[in-house]
Amino acid sequence: MNKADTSSFTVVIAIDGPAASGKSTVARALAARLGYRFLNSGDLYRAITWNCLSQDVDCRNVGAVASAVGNSHVEIGCDGTDYYPVVDGADPRAHLREQVVNANVSPVSAVPAVRYILSAAIRVHAQGRQTVVEGRDIGSAVFPETPYKFYIDAPAQVRQRRRRDQGQTEEIAKRDFIDSTRSTDPLTIAPGATVIDTSTLDVEGVVAAMVEKICAQGLVFDRTRR
Ligand code: C5P
């Protein structure tokens, strides 16, 4: 494969996986290593959920959620190297990991209008840039054309223990079930994705495996970055 200078092209490294698989941590570390942007798409879905809850929208009512998201304005703000959701001018970051958001984010994310609007915002954000994007459908639906796809996983009990160690009581299996069985853009291993089990690897080990893979695929980047 020809080596390409990617400095002015769109390059997306897609990282998908279930809840608490460790993908945010490795995606952030990989982006820092490559000098790429990092986008946590789950935060966008959480922000829309928080916005619905703030307006007393019934998050189990598909029509009500679709109407609320259609009437809201979602942007991606920048804070130094951090990209974060802005909904109707508000910065919801302080609320994104609240229990009520955990409990409602998967039903909201299953609404096709929500996925349509957020997938479009993510594509615009990545256009002409080099970005590591993590989520559930990044390699399968948002950027199916990218050659750089990973699926990060760990056994369910390992992932549930990680959540407990973070002080969270959430039952992640419920979210995983809704996310992987919804009809629009479900969580799945994208064709061509490299699957990495994080249960026995530390962050450095996962990032090293990813760097090795994308280098073998011909991606050029500044190797002196740590
Ligand atoms: O990544 P995180 O666990 O914060 O994602 C929260 C939720 O957002 C997921 O459980 C899923 O319902 C939704 N999500 C999604 N598609 C994405 C990213 C997240 O449906 N690309």
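Residues numbered from 1 in each chain as written. Predicted model: local features only at pLDDT ≥ 70, side-chain atom pairs only at ≥ 80, totals over all residues. Heavy atoms only, no water.

Engineer: Help me out: how do you make sense of the sheet that holds strand β5 (residues 130-135) in this one?
Structural biologist: Strands belonging to one sheet form pairs held by backbone hydrogen bonds; the direction of such a pair is parallel or antiparallel. Strand order in the open sheet formed by five strands is β2-β5-β1-β6-β7, and the pairing between neighbours is parallel. The open sheet has two edge strands, β2 (37-40) and β7 (194-197), and neither has a second partner. Across the sheet, the axes of successive neighbouring strands diverge by a mean angle of 20°, strand direction being ignored. Sheet analysis places strand β1 (residues 11-16) next to β5, joined by six bridges and oriented parallel. The residue of β5 that forms the bridge with D16 is G135. Against the sheet, helix α1 (residues 23-34) engages β1, β2, β5 and β6 (148-153), with an angle of about 175° to β5. Strands β1, β6 and β7 of the sheet are contacted by helix α9 (residues 203-216), whose axis makes an angle of about 155° with β6. (Pairing = 2+ DSSP bridges. Helix = DSSP H or I, 4+ residues; strand = E, 2+ residues; numbered from the N terminus. Axes fitted to C-alpha atoms, helices over the stretch in contact; angles between N-to-C directions. Contact = heavy atoms within 4.5 Å.)

Engineer: Looking at this structure, I do not really get the pairing of strand β4 (residues 82-87). What am I missing?
Structural biologist: Across a regular strand the side chains alternate sides, sitting on one face of the sheet and then on the other. Burial analysis of β4 places five of its six residues in the buried class, which makes it a mostly covered element. Pairing of strand β3 (residues 74-79) with β4 involves six bridges; the strand directions are antiparallel. Counterpart to C78 in the pairing with β4 is Y83. In textbook terms, the turn of a hairpin is the stretch between consecutive antiparallel strands, and for β3 and β4 this stretch comprises two residues, one of which, G80, has a positive phi near 65°. (Buried < 20%, exposed > 50% of the residue type's maximum accessible area, 1.4 Å probe, protein only.)

Engineer: Sorry, what's going on with the site of the ligand here?
Structural biologist: R46, R115, D137, D179 and R182 are the nearest of the 17 residues found near the ligand. Between an oxygen atom of the ligand and a side-chain N or O atom of S109, the distance comes to 3.4 Å. Contact distances for the ligand include 2.8 Å between an oxygen atom and a side-chain N or O atom of R175. The site holding the ligand turns out to be the largest pocket. Elements that contribute at least two residues to the shell around the ligand include exactly α2 (41-54), α4 (99-109) and α8 (172-181). No other element matches α2, which puts four residues into the shell around the ligand. For the shell around the ligand, the class distribution of residues is three nonpolar, five polar and nine charged. (Near = heavy atom within 4 Å. Polar contact = N/O pair within 3.5 Å; in protein donor to acceptor, adjacent residues only side chain to side chain. 1 Å grid on protein atoms, 1.4 Å probe; cavity = no way out; pocket = protein on both sides within 12 Å on 5 of 7 lines; lining within 4 Å. Sits in = over half its atoms within 2 Å of the grid points. Nonpolar A, V, L, I, M, F, W, Y, C, P; charged D, E, K, R; others polar.)

Engineer: Where do I start with α1 in this structure?
Structural biologist: Since the α-helix packs 3.6 residues into each turn, any two residues three or four apart lie on the same face. Helix length check: α1, at 12 residues, gives a terminal C-alpha distance of 16 Å against a target of 16 Å (1.5 Å per residue), a fit within 8%. Turning to α1, its buried residues number three or more, namely K23, V26, A27, L30, A31, R33 and L34. Taken around the axis of α1, the buried residues stretch over an arc of 160°, which confines them to a single face. In this structure, the buried residues of α1 make contact with β1, β2, β5, β6 and α9. Just beyond α1, the residue with positive phi is G35, at close to 75°. (Expected span 1.5 Å × (residues − 1). Arc of directions from axis to C-beta.)

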